[in-house]
Every structure is written in structure tokens, then in C-alpha cells.
Amino acid sequence: MRGLLGAACVAALLWACTTATPVQAVTTPEADETAFVGLETLAPPPVERPAFTPLPILVDPVRGATSAQPVPSLRPFENLPAAAFTLAPECHGAFVQGGLAVCRTLPGAEVGSAGVLLGTADANGLIVIGFDRDALETETLVFSLGGEETSTTLSIGPRAFSEQSVSGLPPQTVTPDAAAQERIARDRVHIDRGYASNAAVAGFLDGFIWPVEGRISASWGARRIANGIPQRPHYGIDLAVPTGTSIRAPASGVVTLAQPDLLREGGLVMIDHGQGLITLYLHMSRLDVAEGQSVAQGDILGAVGATGRATGPHLCWRMKWRDRFLDPSVAILGLANARNGLSLAE
């Protein structure tokens, strides 16, 4: 029964990504009832374009089930339609707070917003754009190349976020003394190094799968109260699974950080999937990869644990693009929609 419910949720959310028609929020006993509020605005107003068939990617945002079918391969660059090679962008994805989109423009085009350079389109003319938890209602992107410039304004749907209270966390991870603060600062150097990666890979096109299959015990974006003290929002999806459960790479990429014992994050692995899209895996009990190692979708990264700031075994799965925190569960849908809409899958 749970599998049937999950499949229904997936079908509804994927449909919403492409039609902009409201869907019901997910409200099952196994998911935070506010985890998906606002996802009815995943897509911008529809535009006239050829119909396409959704990919067979079975992702259950309630249970975290991995893809049940092989992910179609990326179409060769030379086979993309000629109409794709214009500076004016075509963007598909999940246009909502915490979501992301992939835009196609001219290879090498620079993309900026509010006077800040966000990135450069790759050799296929593709660029990832992420939307932060507190993204405004609209964002205007400016695409420029060789003196030519064009812009597009995206509508970003708002979401409602819950408040979560967590007790019993190790005190040093919530109210650190001087020694713990020094350790946290040292840990931060490692994490910043992981974020600084700029690998020339395109793992974001793989069609992400979930790293583990399990119950979502804490939703992304929730306001956190830790041991009675207000904290910044929770920028991860917590998946409650037993210690030792294998964690699999959701897509190909390069390991930018593999640290077994950080004070708050515990065992931490970070992967660069290209275009500034970084995923993180926290509280791991075992690390099976090393920094600089290339991984393919489905490769085992290590095992679930309860290290660092945790009260029990679970995987905290995070995602960040540039300086913006993204919701992995929504990003999966956005990337699937982009692969379809941009005809990037065979």
C-alpha cells in the first residue's frame, strides 16, 4: 500500500512540474505534513512546445525510494536540435523555493542575477540555476556572450515551512565552549574546501536517485529549535534508516570532501556533480570513498550512522548550488523535468 501511495505522489508531482496545475500537498503519516506545502507552484506558466513523455524515474518523496528503472543516457551534443543554439534561454525544472532549473543557452554564455555572476554555460550550453529557501517571487537572469545580452524573468513559487524541536543533542554541538568553537572553525575550513570545487563534470544530467530508502524524519527548510535554542533552518532531508545502511551516490560526480569525524556533521562526504551543484551526506558511520575520487550513480559512498550532532541513526542529505541551499527532494523532480523538457535523454 505504501508503495502505491508513493507512486501516486510521484506521478502527481512530476505532472505538476510540467503543467503548473495545482496538486495536493503530501500528507501521509510517514512524512512531515508540511514537507511539500507549496509544491503546487513547481512550474512557471506553460508555454507552447512539443509534448514529451515523462522519464521512467520512480522517486518517492515520502519513503525515499530509489529509482526502479535505468536512467536514460544523455543525448550526444551533436544530436541536439539546432534551435537550441540561441542566447535566449529555455529553462525547465522546479520553479519553487528550494528547487532548481536547467537552462539551455549558447555554450560559454555568462549568466548573472542582480549584478552577480552566477556561472557560465557548459559546452552543451547548459547551466544549472538554484533557488534558495528564501528566494523572492521572481528572479531576472541576464545571459551575455560576445557583447550580446538577453534576459528572462522566472517566477519562483513560495512554500510554507514547519518548525521542529529537537532535544537530547550533544551540548557541545549546540552551545560549544571555546575548545569546541575552535574545532568547528577547523571543520569549516574543510567544508569550505569541499564547496570550492568546480569540477568539469555533468553528473547533474544523470537523473538523480535517492541515496537511501527510508522514512523522512525531518523535512527540509524547517525552522529548528535545538535543545531549546533557536537555530538556522534545517537545510537537509533526514532519512531514518539503521546504522550501517549503504549510502549510494545519487548521480555521478567527484568527491570533494571525505572527513570521518567533524564535530557537528560527523562523518561527511561531499560530491560535486558539475555546474556548482554539490551534495552532502552527514552523520556517516563509515566512509568508503576518498577525496578526488570519481563516482558513478549508485556507487556506495559509505554507511549511515549517528555521528556528530545526531540523536539516532539517520542520513542528513543536503544540496547546495553556489551560495544557495536546495531541497534534494524537489531538485530530483526539477532535474527530471529538465531532462525531459530539454530533450536530454534518449
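Here the structure is a predicted model, which means the values were calculated and not measured.

Asks: What is the right way to read the state of the cysteines from this model?
Replies: Working definition of a disulfide: a covalent bond connecting the sulfur atoms of two cysteines. Throughout the structure, instances matching the rule amount to one disulfide. Across the disulfide from cysteine 91 sits cysteine 103; the S-S distance is 2.0 Å. Since a negative S-S torsion denotes a left-handed disulfide, the cysteine 91-cysteine 103 link at about 110 degrees is right-handed. Remark: cysteine 103 occurs in strand β2 (residues 100–104) and cysteine 91 occurs in strand β1 (residues 90–93); sequence separation between them is 12 residues. Judged by relative accessible area, which is 14%, cysteine 91 ranks as buried.

Asks: Would you explain the packing of aromatic side chains in this entry?
Replies: Each aromatic ring pair is summarised here by two numbers: the centre-to-centre distance and the angle between the ring planes. Under the counting rule described, the total for this entry stands at five aromatic pairs. Their ring planes at 65 degrees and their centres at 5.6 Å tell us that tryptophan 210 and tryptophan 317 sit as a pair that is edge-to-face. Taken as a pair, tryptophan 210 in the loop between α3 (178–195) and β9 (215–218) and tryptophan 317 in strand β19 (residues 315–321) lie far apart in primary sequence, 107 residues in all. Residue class for tryptophan 210 comes out buried when judged on its relative accessible area of 0%. Under the relative-accessibility criterion, tryptophan 317 is labelled buried at 0%. With a centroid separation of 4.1 Å and an interplanar angle of 10 degrees, the aromatic rings of tyrosine 235 and phenylalanine 325 are classed as stacked. One end of the pair, tyrosine 235, is in the loop between β11 (229–230) and β12 (236–240); the other, phenylalanine 325, is in strand β20 (residues 324–326), with 90 residues separating them in the sequence. Just as tyrosine 235 is buried, phenylalanine 325 falls in that class too. Grouping aromatic residues by their ring pairs yields a cluster made of Phe161, Trp220, Tyr235 and Phe325. Against the face of phenylalanine 161 rests arginine 133, its NZ or CZ located 4.4 Å from the ring centre. Sitting over the face of the ring of tyrosine 195, lysine 320 holds its NZ or CZ atom 4.3 Å from the ring centroid.

Asks: What am I meant to see in the environment of glutamine 181 here?
Replies: Structurally, glutamine 181 can be placed in helix α3. The class of glutamine 181 is partly exposed, set by a relative accessible area of 47%. As for glutamine 181 and leucine 263, which are separated by 82 residues in sequence, their C-alpha atoms are 9.6 Å apart.

Asks: Is there a simple way to think about the sheet that holds β11 in this case?
Replies: Hydrogen bonding along the main chain pairs the strands of a sheet, whether they run parallel or antiparallel. If you walk across this open sheet you meet the three strands as β8-β10-β11, and the pairing is mixed. Two strands in the sheet have a free side with no partner beyond their single neighbour: β8 (163–166) and β11. Sheet topology note: the strand β10 (residues 223–226)/β11 ladder contains two bridges and is antiparallel. Residue pairing for β11: isoleucine 225 is matched across the bridge by proline 230.

Asks: Honestly, the pairing of β10 in this entry has me stumped. Any pointers?
Replies: The side chains of a regular strand alternate, first on one face of the sheet and then on the other. Alternating positions in β10 separate cleanly, Arg224 and Ala226 being buried on one face and Arg223 and Ile225 remaining unburied on the opposite face. The pairing of β8 with β10 spans four bridges and is classified as parallel. Its bridge partner lying in β10, valine 166 is registered against alanine 226. Where β10 folds back onto β11 in an antiparallel hairpin, the turn is made up of two residues, including asparagine 227, whose phi is positive at roughly 50 degrees.

Asks: Sorry, what's going on with the sheet that holds strand β5 (residues 126–130) here?
Replies: Sheet architecture is open: three strands sit in the order β1-β2-β5, paired in antiparallel fashion. With partners counted over all chains shown, the strands left at the sheet margins are β1 and β5, one partner each. Adjacent strand axes in the sheet meet at a mean angle of 25 degrees when their direction is disregarded. Relative to β2, β1 is paired through four bridges, and the arrangement is antiparallel. The residue of β2 that forms the bridge with glutamate 90 is arginine 104. The sheet strands contacting helix α4 (residues 328–341) are β1 and β2, and the helix crosses β1 at an angle near 140 degrees.

Asks: Which parts of the structure should I look at to understand the confidence of the model for the protein?
Replies: Detailed reading of the predicted coordinates is not advisable wherever pLDDT is low. Averaged over all residues, the pLDDT of the protein is 79; the fraction at 70 or higher stands at 75%. Overall, residues 1–83 carries pLDDT values under 50, and its contacts beyond four positions in sequence, including any with other chains, amount to 165 contacts.

Asks: Even after reading the chapter, I still don't get α4, so can you show me in this structure?
Replies: What sets the pattern is the α-helix's 3.6 residues per turn: residues three or four places apart point alike. Helix length check: α4 (14 residues) gives 20 Å between terminal C-alpha atoms against 20 Å at 1.5 Å per residue, within 8%. Just past α4, the residue serine 343 takes up positive phi, approximately 55 degrees.

Asks: Which parts of the structure should I look at to understand the pattern of salt bridges?
Replies: Opposite charge on two side chains makes pairing possible when the charged atoms of those side chains draw close. Tallied over the full model, the rule gives eight salt bridges. Taking the shortest distance from any N to any O, the salt bridge between arginine 188 and aspartate 192 comes out at 2.9 Å. Here aspartate 192 and arginine 188 lie together in helix α3, a separation of four residues that amounts to about one turn. A relative accessible area of 36% places arginine 188 in the partly exposed class. For aspartate 192, a relative accessible area of 41% puts it in the partly exposed group.

Asks: Sorry if this is basic, but what is going on with unusual backbone geometry here?
Replies: Most peptide bonds take the trans configuration, and most residues that are not glycine carry a negative phi. Of note, the phi angle at glutamine 275 is positive, near 60 degrees, even though the residue is not glycine. Examined against the element boundaries, glutamine 275 turns out to sit in the loop between β15 (266–272) and β16 (277–287). Positive phi, normally seen in glycine, also occurs at arginine 322, with a value near 55 degrees. With respect to the secondary-structure elements, arginine 322 resides in the loop between β19 and β20.

The rules we used
Residues numbered from 1 in each chain as written. Predicted model: local features only at pLDDT ≥ 70, side-chain atom pairs only at ≥ 80, totals over all residues. Heavy atoms only, no water. Disulfide = S-S within 2.5 Å. Helix = DSSP H or I, 4+ residues; strand = E, 2+ residues; numbered from the N terminus. Buried < 20%, exposed > 50% of the residue type's maximum accessible area, 1.4 Å probe, protein only. Phe/Tyr/Trp six-rings, centres within 6.5 Å; stacked < 30°, edge-to-face > 60°. Lys NZ or Arg CZ within 6 Å of the ring centre and 35° of its normal. Pairing = 2+ DSSP bridges. Axes fitted to C-alpha atoms, helices over the stretch in contact; angles between N-to-C directions. Contact = heavy atoms within 4.5 Å. pLDDT = per-residue confidence, 0-100. Expected span 1.5 Å × (residues − 1). Salt bridge = Lys/Arg side-chain N within 4 Å of Asp/Glu carboxyl O.

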